[in-house]
Each structure stands twice: as C-alpha cells, then as structure tokens.
Amino acid sequence: MSAIPLLKIDNLHVRFPIRAGLLQRTVGEVQAVNGVSFEVNKGEAFGIVGESGCGKTTIARAILRLVNATEGEISYNGENITAFDRHQLTPFRRKVQAIFQDPFSSLNPRKTTKDIIGEPLRVHKLAQGAGIEQRINELLELCELPARFAELYPHEMSGGQRQRVGIARALAMEPEMIVCDEAVSALDVSIQAQIINLLERLRKELGLTYVFIGHDLSVVRHLCNRVAVMYLGRIMEIADAEPLFKEPCHPYTRALLDAVPNPDPAVEAGREVEPLQGEVPNPSNPPPGCVFHTRCPVAVDQCRHSVPRLQNTAHNQAAACWLAQPSVNSSSLNKEYVNV
Ligand SMILES: Nc1ncnc2c1ncn2[C@@H]1O[C@H](COP(=O)(O)OP(=O)(O)O)[C@@H](O)[C@H]1O
Ligand SMILES: [Mg+2]
C-alpha cells in the first residue's frame, strides 16, 4: 500500500445558494456537504450510504469537479484537485470515471454500443485504426457482453446490459478510479448482483478503486471494504465494512440496518422493527447540536445543543455520537476526525 491515499477528502463543505424573487437574491443556503473527511487507498472500494438528500451525489460531483468545494480540499494522488485549472483537469478526468444510476440518460440513444464505447477511444487517441474495433471487442468481453452487442442501440438492451455498456465506456478511458453513484439502484435485485459481481471482478483484475454510493446496505456491504454513513451532509459513522455492519456504533447506522428486511421470511415475520420517526430535516435549516437528534431514539439533552465530533470507538471505526463509547485503547486513536 502506498503512503499517499489515492483520494483524500479533507473537511469538504459544499453549500448551494437559495435564490428567490425577481432579482434572484440569495435568501439562504443549502448545506449539502458539511465537513466531510475520508481517505480511499488504491484498490479499495469505499461506500457512502444514507437517505436521499444527505449529500452523497454532491460528494461524487465534487470529486469529479462538476461542483466546486465551498471549503476544504480534495486531493487525488497527493495533488489538490480543487485548485486544478482546465489544463490539469483533462488528464484527471480520464483517470477518474463515473457511472450513474440511469445509463439510459447517459447513453446517446442514436448511437450503437460500438460508437458509444469507440468515442472515448477516438477522442483520447487510446486506439487507432483496426485497433479501435479490437479494443471495443475486448471491452465488451471484459464486461461480459456478447460481441453482437456492438451493433445494438441502448433501447434494444435491458437495464443491466445498458449498465454494462456504461461500465465498458468508462473502462475505455483506462481509469484508475470509478465513482459509482447509485449505479445499480434502478436494477432488479438479481441483475444488481450480477453488476456487483462484475464490478468486484474488474476491481481485482484491473486494480481499480471505487467510490460506491448506494442506499442498499446489502449491496454496499458486499462490494465495499470501508463505508461512511451520512446524514444531512455529515458523516455519522465511518468504519471497515465488517465491524460497521456487525457492531454499528451510531444510532442512525443501527436504524438503517434495522430497516433492511431479513431474507428469511420466518425471521422477518417475528422481527420487531422500529422505523425511524419523522422526516429528514431541511438542509437549509439543520437542527442545532447533533443533526440526527430530532429523530434519534436515544438522544439526551447534550445532543440538542452540542455537535458531536467523529471519534474513534474502535480500531478504524469512528462515530459522531455523544453516546457512542470512545475507544479505551488510545493506540487505536490513530486518526483524529473532525466533523464540526
Ligand atoms: N445544484 C444544487 N442546487 C441547490 N441545491 C442542491 C443542488 N444539488 C443538490 N442540492 C441539495 O443538496 C442536498 C444534497 O443533495 P444530494 O447530494 O443530491 O443528496 P443525495 O445524493 O444523498 O440524495 C439536497 O438537499 C439537495 O436538494
Ligand atoms: Mg444522489
């Protein structure tokens, strides 16, 4: 493992102005991402989970430089990408590719698979002449699509097949990292599993690094080795996948896990699930103290006025909760997380 993480996000804030009236004056702001920090090493799959509106896509867009950080730094391979000019962004945008939820909207309906995958090869001169067709066939094979798919249009394929074309197109750029934003969320469960297995195989074979955003915890658990749980723009808990799912420290993580149905109907029938009460607060007017306190089943007075910082609860596991037990072994405090 190299000393520098491939991706390092340090105290990222993204705020969007809210404008109103004829003159479009700024009347407030949405705090979409509020002091998020994490690191992703080469070859890792880092998961981000949380309910809709908690800032996951905004983080993805900030990594891809599709939205600017209001505060904080994002570095890639040790270089601060938030300061990149257009000249520096070109090679960066090749190395970091994205796959989104709906490949239908990102694939040109008037182009065949061959043209869709061939375009980045031509534009970036990654293959020439007969090499283009050869590379297209290689990429189709890599994504487990039969060669005849080269001639098909997006509407002639199923959702899973279109997502494979989206992956093949991303791979055409020979990326190091792929940001997958709800990449399998729209697919049927059985198809999701196939795409997840494909992503997992590609990670191992090509040494890829993923930032994988999803709301289905079982999918994230399967693919990711480290996971951040977000709520209202903040990381509530961050840990290696196994301890996070086995021994969640944050009440919000526990609530999310409780909401996952048990695959065994007999167990599920006897399971008592206490759904989270209330709605996610408005990110333009977040509650004081711990942002989760308005829905937290165990909140105490302190939670209503003081913001808990992320602190280690175990080795490589940190939670932003006043009630989470801090790690007693100080040697495991290998990193201080700040989330205020
Ligand atoms: N371009 C934008 N302008 C204003 N508000 C935005 C914009 N993009 C996202 N938001 C707001 O930021 C918050 C986080 O959104 P998003 O990152 O899409 O969440 P998620 O992907 O977790 O559902 C939401 O309240 C959303 O409405
Ligand atoms: Mg989203």
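Residues numbered from 1 in each chain as written. Chains lettered and ligands numbered in written order. Predicted model: local features only at pLDDT ≥ 70, side-chain atom pairs only at ≥ 80, totals over all residues. Heavy atoms only, no water.

Enquirer: Break down the site of ligand 1 for me, citing the residues and quoting the values.
Expert: Lining the immediate surroundings of ligand 1 are Phe16, Val30, Ala32, Glu51, Ser52, Gly53, Cys54, Gly55, Lys56, Thr57, Thr58 and Pro283. Measuring from an oxygen atom of ligand 1, one finds a side-chain N or O atom of Thr57 at 2.8 Å. The protein chains hide 61% of the 560 Å² of surface that ligand 1 would expose on its own. Mapped by element, the contributors of at least two residues to the shell around ligand 1 are β2 (25-40) and α1 (56-63). The dominant element in the shell around ligand 1, judged by the number of residues it contributes, is α1, at three residues. Classifying every residue of the shell around ligand 1 gives five nonpolar, five polar and two charged. (Near = heavy atom within 4 Å. Polar contact = N/O pair within 3.5 Å; in protein donor to acceptor, adjacent residues only side chain to side chain. Areas by Shrake-Rupley, 256 points an atom, 1.4 Å probe, with all protein chains shown as cover. Helix = DSSP H or I, 4+ residues; strand = E, 2+ residues; numbered from the N terminus. Nonpolar A, V, L, I, M, F, W, Y, C, P; charged D, E, K, R; others polar.)

Enquirer: Which residues make up the pairing of strand β4 (residues 71-76), and what are the values?
Expert: By the bridge criterion, five bridges tie strand β1 (residues 7-20) to β4 in an arrangement that is antiparallel. Looking at β4, one finds that Ile9 is bridged to Ile74. Here β4 hands over to strand β5 (residues 79-80) after two residues, with Asn77 in that stretch at a positive phi of 55°. (Pairing = 2+ DSSP bridges.)

Enquirer: Give me the lowdown on the domain arrangement of the protein chain, citing residues and values where you can.
Expert: In many analyses, interface size is given as the accessible surface area lost on bringing the parts together. Per the domain assignment, the segments making up the protein chain are domain 1 (41-68 + 84-224) and domain 2 (241-340). Using only C-alpha atoms to locate each centre, domain 1 and domain 2 end up separated by 31 Å. At the junction of the two partners, domain 1 supplies six residues and domain 2 supplies ten residues. Summed over the three residues of domain 1 that lose the most area to domain 2, namely Glu51, Leu217 and Arg221, the buried surface amounts to 72% of that side. (Domains from an automatic or database assignment. Contact = heavy atoms within 4.5 Å. Buried area = accessible area lost by both parts, 1.4 Å probe.)

Enquirer: Go over helix α4 (residues 113-123) with me, naming the residues and quoting the values.
Expert: What α4 keeps buried is the set Thr113, Ile116, Ile117, Gly118, Pro120 and Leu121. In this structure, the buried side of α4 is in contact with α5 (130-142) and α6 (159-172). Just downstream of α4 lies Lys125, where phi reads positive at about 50°. (Buried < 20%, exposed > 50% of the residue type's maximum accessible area, 1.4 Å probe, protein only.)

Enquirer: How would you sum up a nonpolar patch on the surface? Please name residues and give values.
Expert: On the surface, Val298, Val300, Trp322 and Leu323 cluster together to form a nonpolar patch covering roughly 290 Å² of accessible area. By the secondary structure assignment, Leu323 is in the segment after β12 (317-319). Judged by relative accessible area, which is 39%, Leu323 ranks as partly exposed. (Patch = residues over 30% accessible without salt bridge, like charges linked within 9 Å, V, L, I, M, F, W, Y side chains within 5 Å. Salt bridge = Lys/Arg side-chain N within 4 Å of Asp/Glu carboxyl O.)

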